[in-house]
Amino acid sequence: MSTLQAPQITVLASSRAIISGELTAATIVISLPIGRITSIFPSVLPPTAFPFGTPYTDHTPHLLLPGLVDAHVHLNEPGRTEWEGFYTGTQAAASGGVTTVIDMPLNAIPPTTNLHGLREKIAAAQSQCWVDVGFYGGIVPGNVHELKPLIRAGVRGFKGFLIDSGVAEFPAVSSADIAVVMEELADEPTTLMFHAEMIPPISDSAGDDVQWSLPPLTPIGPLNEYKTFLASRPTSFETYAISEILSLAHLAPELQLHIVHLSAVEAIPLLREAREAGVRITAETCFHYLALTAEKIKDGDTRHKCCPPIRTQSNQDGLWDELLREDDSVIKTVVSDHSPCTPELKLLPPSIPGNQLPTPPPEEGAKQAGDFFTAWGGVSSVGLGLPILTTSAYENNRPITAEKIAKWCCENTAKQVGLEKRKGKLAVGWDGDVCVFDDEATWVVGGNGGEGMLWRNKVSAYAGKRMRGCVRETWVRGRKVWERGADRLGFGEGKPGGVLLVEKRQN
Ligand SMILES: [Zn+2]
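Keep in mind the model is a prediction, meaning the values are calculated, not measured. (Residues numbered from 1 in each chain as written. Predicted model: local features only at pLDDT ≥ 70, side-chain atom pairs only at ≥ 80, totals over all residues. Heavy atoms only, no water.)

1. Re the overall build of the protein
From N to C terminus, the protein includes 13 helices and 17 strands. For the protein, whose C-alpha radius of gyration is 22 Å, the value lies close to the compact-globule estimate of 23 Å for 507 residues. Reported as C-alpha extents along the three principal axes, the dimensions of the protein are approximately 85 × 55 × 45 Å. Carbon and sulfur atoms form 53% of the exposed surface of the protein, whose accessible area is close to 19800 Å². When the 45 basic and 58 acidic side-chain charges of the protein are each reduced to a single mean position, those positions are 6 Å apart. (Helix = DSSP H or I, 4+ residues; strand = E, 2+ residues; numbered from the N terminus. Rg over C-alpha atoms; globule rule 2.2 N^0.38 Å. Areas by Shrake-Rupley, 256 points an atom, 1.4 Å probe, with all protein chains shown as cover. Lys, Arg positive; Asp, Glu negative; His and termini not counted. Charge placed at Lys NZ, Arg CZ, Asp CG, Glu CD.)

Here it is in structure tokens:
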């Protein structure tokens, strides 16, 4: 063999790795031509076990995790690229050990509600992605005939809203729309997902006519107080929406259903009962519901606005209890729901980091700083998931383990989007996607030149937060695309090397 020949394999080892879901010592061999794991040895082998010149690193005592699959990200390109984009959003993902992101069908223009929209997405994403990227399709009124073509074109699932989505081009669906969609997708290899908030009928209305309140519930109190916003989106919005979905589930008993960003613990018993009755339904929750609480959100700090809202500490405790159940938790996945916008649309008051509003305050009639009802909803966090989980667990003494994190954020998210034979696990035959995680190191979000905030707009509820646990390296299909302190590696010469995952789902 010529010494000038490029290496055919790369080797990563550690005394601590999550291999097929178990913590163990391991030496992982990745074939570079195919980008897949070709062998795993259950101990740390020395470099001399491999041909001379083989790239080899023993990462002990740091953890080797499967690359994270973030199954809920809004990249907003094309059309709202000033909010986020493929390049910045996926680079932020790479910096946090996320090796696959699945892009939501709304907030880009056009939305991904037909083949044209998907093609626009694919064209915009070409050569821009630092990690592998898949796409969801959207369910909107009247697009039922677009769904099977989107499945054939490789979408990873579908999402619909039961309440106003916040953007005009992605309207909510009614129960009648959902029924038609379920019949259409009943035998398809896909996942049907819902933003499950819905305005319940007013129960004490007089007479036979059911009355409906205006969305959201009319605010009672100052618009810049978080408690006013929280009260306007009560847990009954979630339980009502989920009951509605469950009432239709019999139309497609084989179809996988999924609730995105579950926030209200009150919905958990409904989902458990349905699962016990055989309904194929799962739920995800988000890093922010597991780490942030209503009690600590300052008035006007709209960086925390999202829908459904961040709820109380006791609600957060309930979500953790469910996640950490030893038996069948209804919450299978934890995702970011990274949904940024420009700082102007967040309407941050001058006292909040990231504020971009003119001072002195804008003229009469202009949008008011700190108004939770007018500010765009979304918490920027793609790439911060691992430290958010480990820090929140550490601060609250929760019995979290690396195996559990890998289940929620890698294996189960890959399964949710039909990539479980390729992503989400360190196993022979799977893609060589690896996150090297130092679970002891502490660092500050936004410190050291903006660490952890590589999104297009540097506004986040986590800015300034001291984190425990940091990602040291990220590998995608055997290439190191990220190294802490030596950023912008990409697939060599700083080129992003992510591929677009647009094969048809098989399951
Ligand atoms: Zn979302």
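The discussion continues.
2. A word on the coordination of the zinc ion
Bound to the zinc ion on the protein side are His72 (NE2), His74 (NE2) and Asp337 (OD), at distances that span 2.1 to 2.2 Å. When the donors of the zinc ion are listed by position in the chain, the intervening gaps give H-x1-H-x262-D. Pair noted here: His74 is in the loop between strand E6 (68-73) and helix H1 (86-95) and Asp337 is in the loop between strand E14 (331-335) and helix H10 (343-346), with a separation of 263 residues, a long-range link. For His74, a relative accessible area of 4% gives the class buried. (Donors = N, O, S within 2.8 Å, 3.2 Å for Na, K, Ca; no water. Buried < 20%, exposed > 50% of the residue type's maximum accessible area, 1.4 Å probe, protein only.)

3. What about the confidence of the model for the protein?
Atomic detail in the predicted coordinates should be set aside for any region of low pLDDT. Confidence in the prediction of the protein, expressed as mean pLDDT, is 92, and 92% of residues score 70 or more. When the criterion is pLDDT under 50, residues 204-215 qualifies, and its contacts beyond four places in sequence or with other chains add up to 13 contacts. (pLDDT = per-residue confidence, 0-100. Contact = heavy atoms within 4.5 Å.)

4. Some details on the sheet that holds strand E10 (residues 158-161)
Taken in spatial order, the six strands line up as E9-E10-E11-E12-E13-E14 in an open sheet, and their pairing is parallel. Each end of this open sheet is capped by a strand with a single partner; those strands are strand E9 (137-138) and E14. Relative to the sheet, helix H12 (residues 402-416) contacts strand E11 (191-195), strand E12 (256-259), strand E13 (281-286) and E14, its axis offset from that of E14 by approximately 105 degrees. (Pairing = 2+ DSSP bridges. Axes fitted to C-alpha atoms, helices over the stretch in contact; angles between N-to-C directions.)

5. Remarks on the environment of Ser165
Here Ser165 is to be found in the loop between E10 and helix H4 (175-185). The spacing of Ser165 and Asn107 is 58 residues in sequence and 9.2 Å in space, taken between C-alpha atoms. Setting aside anything within four residues of it in sequence, one finds Ser165 in contact with Leu106 and Phe170. A polar contact of 2.9 Å, which involves the side chain of Ser165, links it to the backbone oxygen of Phe170. (Polar contact = N/O pair within 3.5 Å; in protein donor to acceptor, adjacent residues only side chain to side chain.)

6. Re the environment of Ala231
Take Ala231: it is sitting in helix H5 (residues 226-232). Its relative accessible area of 51% is what places Ala231 among the exposed residues. Each C-alpha atom, one on Ala231 and one on Thr218, is 9.5 Å from the other, the two residues being 13 residues apart in sequence.

7. A word on the pattern of salt bridges
Using the criterion set out here, one finds 27 salt bridges in the structure. A single salt-bridge network, built from bridges that share partners, covers Arg36, Asp132, Arg422, Lys423, Asp431, Asp433, Arg477 and Glu503. (Salt bridge = Lys/Arg side-chain N within 4 Å of Asp/Glu carboxyl O.)

8. Some words on the layout of surface pockets
As a volume, the largest pocket reaches approximately 630 Å³. Around the largest pocket, the lining comprises 33 residues; the ones closest to its centre are Ser165, Gly166, Lys305, Cys307 and Gly377. Looking at the second largest pocket, its volume works out to about 480 Å³. Of all the secondary structure elements, the ones that give two or more residues to the lining of the second largest pocket are helix H9 (313-323) and helix H11 (385-395). (1 Å grid on protein atoms, 1.4 Å probe; cavity = no way out; pocket = protein on both sides within 12 Å on 5 of 7 lines; lining within 4 Å. Points joined across faces, edges and corners; volume = space filled by probe spheres on them.)

9. Section: the sheet that holds strand E7 (residues 98-103)
In spatial order, the strands read E6-E7-E8; together these three strands make up an open sheet with parallel pairing. Looking at the sheet topology across the chains shown, the edges are occupied by E6 and strand E8 (132-135). Neighbour to neighbour, the strand axes of the sheet diverge by 20 degrees on average, direction disregarded. Examined bridge by bridge, E6 and E7 share four bridges and lie parallel to one another. Considered in E7, the bridge of Val73 is made with Asp103. In this fold H1 packs onto E7 and E8, with an angle of close to 140 degrees to the strand it touches most, E7.

10. Side note on the packing of aromatic side chains
Evaluated as defined, the whole model comprises eleven aromatic pairs. Centroid distance Trp83 to Trp376: 4.7 Å. Interplanar angle 55 degrees. Geometry classified as tilted. Taken together, the residues Trp83 in the loop between E6 and H1 and Trp376 in the loop between H10 and H11 connect sequence positions 293 residues apart. The same class applies to Trp83 as to Trp376, namely buried. Ring geometry for Trp320 against Trp408: centres 6.2 Å apart, planes inclined by 70 degrees, an arrangement best described as edge-to-face. Of the two residues, Trp320 sits in helix H9 while Trp408 sits in helix H12, which places them 88 residues apart along the sequence. You'll find Trp320 and Trp408 in the same group, each marked buried. Ring-pair connections join several aromatic residues into one group, and the members of that group are Tyr226, Phe229, Phe372 and Phe373. (Phe/Tyr/Trp six-rings, centres within 6.5 Å; stacked < 30°, edge-to-face > 60°.)

11. What to know about the packing of helix H6 (residues 235-248) against helix H7 (residues 268-276)
The interhelical angle for the contact between H6 and H7, taken along N-to-C directions, is 15 degrees, at an axis separation of 10 Å. Here H6 lies roughly parallel to H7, going by the angle between them. Of the two elements, H6 crosses H7, and the hand of that crossing is left-handed. Packed against H6, whose contacting residues are Thr239, Ile242, Ser243 and Leu246, the element H7 presents Leu270, Leu271 and Ala274 at the interface. When its residues are assigned to classes, the contact of H6 with H7 shows five nonpolar, two polar and no charged. (Parallel < 35°, antiparallel > 145°, perpendicular 65-115°, else oblique. Left-handed = near helix turned anticlockwise from the far one by under 90°. Nonpolar A, V, L, I, M, F, W, Y, C, P; charged D, E, K, R; others polar.)

12. Some thoughts on empty space enclosed by the protein
Going through the model one piece at a time under the given rule, you end up with three cavities of 30 Å³ or more. In this model, the largest cavity occupies a volume close to 70 Å³. Here the lining of the largest cavity is built from residues that sort into four nonpolar, five polar and two charged. Roughly 50 Å³ of internal volume is contained in the second largest cavity.

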